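One-letter residues, chain by chain:
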Amino acid sequence: MPQQEPLSDFRVLDFGQYLAGPLVGMMLADLGAEVIRIDPPGGPRYNSPAAAMLSCAKQHLTLDLKTAADRERALGLVARADVVIENFRPGVMERLGLGPAALKAANPAIITLSLPGFASGDAELADLPAWEGVIAARTGQFTDMGLNRRLMGIRASFTPLALASAYGASFGAMAVLFALFARARGAGGEQIEVPLASALLEGLVYNCERIEDYPERYKSPREVEIDRRSAAGLPMDLSFAELSEFLDPFYRTYACADGRGFYVVAGSVKSHPRRVLTLLGLEALLAELPDFDAYLNSADWPDDWSLRNYPVGERDRARIAAAMKAAFATRPAVEWEEIFGAGQAPATMQRWTKEWLADPHALASGLVQEVDDPVYGHMRQMGPVAWLESETWQPAEPAEPADLDSLLAEAPRAPRADRGPSGQGWLAGLRVLDLTNVIAGPTVGSTLARFGAEVISLQPVEPSVDPWNTIVFGLQAQRGKRSLLLNLRTAKGQEALRRLLAESDLVTMNGTDDQRERLGLSDAALKAVKPELILVQLDAFGGPKRGRKSDHLGYDDLAQAATGVMLRFGGGIETPEEHAHFGTIDVLTGFNACVALGAALLQRQRDGKGAVARASLAAAGNLIQAQFLYDYPGRGPFDEPSGRAALGWGPFYHCYEAADGWFFLAAPQERQAALARVSELADLADLPEAALQPALAERFTSAAFAHWQAALAGGSTTLVRLASLLETRDASLHQESAGPPDITQATFRTLRHDRHPMGRWCDLVAPNAVRPAKAAITIPGPMPKYGQHSREILAEIGYSAEEIDALIADGTVGLSWSKDYLPT
């Protein structure tokens, strides 16, 4: 008999339109919830095959919420549901008679999720139309598009990837599930807001993180070149070909014998550069390269760089790259992919999105699923982005229309106890053992900490990853945790692990199934210690089922390369570029894993059993391409905006330059009508669209932004300046020493931790994407120095002081990786 799906007890009403709201509904439906899509007369506003994909497993109803009769029917459905999702502008649901008070009156236990573009309490931004491009432009996504674009002097870029909706949907889905979990423990109903712009800034946190007196040793060759040109007053005018020589040899694309690009991301983990050079037959070169402790201060280095550190030193960079170029040119990319996968070296072939949708691994693993759509026929589309491990998993099937009369004939949901505001987070009392590293995995633990969970970070005694990844990135990803260093390769370390597991509710890891076995986290091992334990597992290419790449290693950029993001962003097979935000996919994968965890917690409440909650980088690569990740017979070309010259999606959804700087124009509904009411633009309204964009670009340079903003005001047309992430950070900065900040009103809030234990201040984004009405959100404390709590944690699980001393003496336990918090 098929296993009961984790959310099969819950009913969700999805009032969402376009992308963010429907994505939340899709995630919940994929985990087994009964999701009913509520459409306005005439059908969904988003008229795209992507809308069919987002609604594949949902039932649907049509209600005219502007009529009293259908409003009453909607409230009747609310009384028989668990969750309501909407992503209108603030105040719209209230005007429709479905505001928070009305929903609560209909069902006191209802969980409501609102996904506005900007925070409802933000006096400046709340009323801005929440088009994806408007959110991206105002937050800074289109300006800070990476080191390549800065070195090429490109000041404005456009990407069709809907990052705000993707991050917001993951935050929204996890918040709903955590609130349902808390409701079952007596917390009652909840009202949640997730502003998409807030979620976007949190998703791009690593692009606006700032550290006082940032050490030179952590700067990449591109950053060094930017600094050099800035100091000398030189232009940023590099060509794409010139840029390639500023890439680290273990972090770049190589041309193979078939002309296909093969992307290697193998710096920072001490064993990976060695594996890469060995697989390429470059052992002689490997023997000549310096290799020493990455956690020494640079003043104590015996050479000018170490093979365990990113980046490669200037002395050896060119000769390593040349040797690797020659080696890769001897085989086609598909052969190298097999060799590197088997050899556990992280790399992948560059693919187009269309190729990914037909990729054998993507199809076998369920990352791409095949559906017989009633309108588009046999359709390939994205699979789930968060799931529970199950031998009985099956792809989604199109749902039937909902029967309104049958639904309203049901008895309303039984009232639930509500202890009211408690000042606790939804996850208060949960204990988390965090075995992850770098960004995606640690993001899970730091996210859980904001909702009240107690998190212990367990790392090896001898670090396998360099301090750029563990400390610089860890300032954000390891917040709110305690730190233990333990050698799990020993019998004594495994015994300590079992004690820790016995005291935990869930354990997190990022790695393949093979690595999971070696860590002692197999199903049998976990059940032997604690049958109700939940394992959260992230990996690079995993899906609901096994495929040929399931055990291949990978990082954020490799998922971008494999799923088509890099070729899209770069614009062609010869010019692949990483989508230029640190953690574009990493952070999202951590959020998706929290969604899977939420489902596992609810399933455990029902049956008392543990589960394996999963997400992967490749699945997150699908999610950020949700608008166009589908294929079917007769589909048009994959011609979404791409490349360095991309500035928009047609003339009415586009970045333009005014006399005093760049702005984004969003007029997808008014279009020519917006031009017709402005005397200086009316003569352009009759131009064909192919000629309209360059004509508008020329006309807009004749006046300042404020002029055009005033001239085009009225209707639904919106103009916003292109902010930068750094401007957004600095404009919303709060000093930690000034006391607790308000993270509930303004859309953006960043924190300067000016009392940080590393002895330098650092700027980080505040955890304000999820805003519950009742539950508490905790601003996590600073990342501890690795090993800071080793003694304390071991004492808590029953080790005596003498036993702890002995474990430290024999190397089973560590107290520190480095002399300084941040090696310099």
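Scroll up for the structure.
Read on for an overview of the structure. Bear in mind the structure is a predicted one, so any value in this text is a computation, not a measurement.

This paragraph deals with the pairing of strand β22 (residues 661-666). Among the six residues in β22, six count as buried, and that is most of the element. In β22, alternate side chains face the same way, and those of Gly661, Phe663 and Leu665 on one face and Trp662, Phe664 and Ala666 on the other are all buried. Direction of pairing for strand β21 (residues 653-658) relative to β22: antiparallel, over a ladder of six bridges. Along β22, the bridge assignment pairs Ala658 with Gly661. Between β21 and β22, which pair antiparallel in sequence order, lie two residues.

Moving on: the packing of aromatic side chains. In the structure shown here, the tally under the stated rule is 32 aromatic pairs. Seen in terms of ring centroids, Phe142 and Phe664 are 5.7 Å apart; in terms of plane orientation they differ by 50°. Their pairing is tilted. Placement of Phe142 in the loop between α6 (132-139) and α7 (147-151) and of Phe664 in strand β22 is noted, with a sequence separation of 522 residues between them. Each member of the pair, Phe142 together with Phe664, is buried.

Below, the discussion takes up the nonpolar core. Counting 172 residues, the largest nonpolar core has Leu28, Trp426, Leu427, Leu448 and Phe664 as its most contacted members. Element by element, the count of residues in this core is highest for helix α8 (residues 163-187), at 17 residues. What Leu448 contacts, discounting residues up to four positions off in sequence, is Phe178, Leu427, Val432, Ala453, Leu506, Cys594 and Leu597. Listed in part, the 27 residues of the second largest apolar core include Phe250, Phe262, Leu280 and Phe328.

Sheet architecture is open: three strands sit in the order β8-β9-β10, paired in antiparallel fashion. Each end of this open sheet is capped by a strand with a single partner; those strands are β8 (251-255) and β10 (347-349). For this sheet, the mean angle separating the axes of adjacent strands, direction not counted, is 20°.

Procedures and definitions
- Residues numbered from 1 in each chain as written.
- Predicted model: local features only at pLDDT ≥ 70, side-chain atom pairs only at ≥ 80, totals over all residues.
- Heavy atoms only, no water.
- Buried < 20%, exposed > 50% of the residue type's maximum accessible area, 1.4 Å probe, protein only.
- Helix = DSSP H or I, 4+ residues; strand = E, 2+ residues; numbered from the N terminus.
- Pairing = 2+ DSSP bridges.
- Phe/Tyr/Trp six-rings, centres within 6.5 Å; stacked < 30°, edge-to-face > 60°.
- Core = buried A, V, L, I, M, F, W, Y, C linked by side-chain atoms within 4.5 Å.
- Contact = heavy atoms within 4.5 Å.
- Axes fitted to C-alpha atoms, helices over the stretch in contact; angles between N-to-C directions.

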